[in-house]
Amino acid sequence: MRTTPCILLIDDPAVDLEHLRSILSADYDLLTADSGQRALELAREQPDLILLNLTLPAMDGLTVCAHLKTEPASADIPVIFITDDSGAKAAAACFAAGGVDLISKPINPVMLRAQVATQLTLRHQRDQIHLYEERIRSTEREAAQAIAELDRSHRVTIQVVLA
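In this text the structure is predicted, and so the values were computed from the model without any measurement.

Cut-off values and rules
- Residues numbered from 1 in each chain as written.
- Predicted model: local features only at pLDDT ≥ 70, side-chain atom pairs only at ≥ 80, totals over all residues.
- Heavy atoms only, no water.
- 1 Å grid on protein atoms, 1.4 Å probe; cavity = no way out; pocket = protein on both sides within 12 Å on 5 of 7 lines; lining within 4 Å.
- Points joined across faces, edges and corners; volume = space filled by probe spheres on them.
- Nonpolar A, V, L, I, M, F, W, Y, C, P; charged D, E, K, R; others polar.
- Pairing = 2+ DSSP bridges.
- Helix = DSSP H or I, 4+ residues; strand = E, 2+ residues; numbered from the N terminus.
- Right-handed = clockwise from strand over helix to strand, strands pointing away.
- Core = buried A, V, L, I, M, F, W, Y, C linked by side-chain atoms within 4.5 Å.
- Buried < 20%, exposed > 50% of the residue type's maximum accessible area, 1.4 Å probe, protein only.
- Polar contact = N/O pair within 3.5 Å; in protein donor to acceptor, adjacent residues only side chain to side chain.
- Contact = heavy atoms within 4.5 Å.

Enquirer: What should I look at first to understand the layout of surface pockets in this one?
Expert: A water-sized probe rolled over the atoms picks out the places where empty space is left. Space inside the second largest pocket adds up to approximately 180 Å³. As for the second largest pocket, its lining consists of Q37, L40, E41, A43, R44, H67, L68, E71, A73 and S74. When grouped by side-chain class, the residues that make up the lining of the second largest pocket number four nonpolar, three polar and three charged.

Enquirer: Would you mind showing me how to read the pairing of strand β5 (residues 101–104) here?
Expert: In the case of a regular strand, side chains alternate between the two sheet surfaces. Bridge count between strand β4 (residues 79–83) and β5: four bridges; the pairing is parallel. The partner of I82 across the bridge, within β5, is I103. Remark: the β4/helix α4 (residues 88–96)/β5 crossover connection has right-handed handedness.

Enquirer: I'm lost on the nonpolar core in this one. Help?
Expert: The tendency in soluble globular proteins is for nonpolar side chains to be buried side by side. Of all hydrophobic cores here, the largest spans 25 residues; its most connected members are L8, I10, I50, L52, V64 and F81. Mapped onto this core, the elements with two or more residues apiece are β1 (6–10), β2 (29–33), α2 (36–43), β3 (49–53), α3 (61–70), β4 and α4. Ranked by residue count, the leading element in this core is α2, at four residues.

Enquirer: Please explain the side chain of Q115 as it appears in this structure.
Expert: With respect to the helices and strands, the residue Q115 is situated in helix α5 (residues 109–162). Q115 gets classed as buried once you look at its relative accessible area, which sits at 11%. From its side chain, Q115 meets the backbone oxygen of L102 in a polar contact 3.1 Å long. Beyond its immediate sequence surroundings of up to four residues, Q115 is in contact with I80, D101, L102 and I103.

Right under this line is the structure:
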């Protein structure tokens, strides 16, 4: 179990990837990819968050996100898209593909750190809710078994008393 959140950074060119790394490396473990194919490979390591450029060589960010969302290992990982296009059409496409947030270039480091922290907090809260839901289901199963056992015991007791 990781103690420091892990973020997968997917961007091209290398200078943009290095800029992201310089903003986030002090607070997070980072995986980096400069292509969609490499990103899909690294996503198997189940990072806590993915920052994904909309424009990549060979496979664009929307396609990468669609692949990520179909794989059980990466389907629940939040994706923040990075784009040069801050228009409504690009934003709609990013959210439709499964993105949870969008950041426009040039990247404001303060804004990026805030968006990353927000999405990691939301992810942690979702994970906690899933744990609590599982505990509730487990408790409900145990309670149902205890009630069934009490019912059986009650029937046996009545039969003994009536006999």
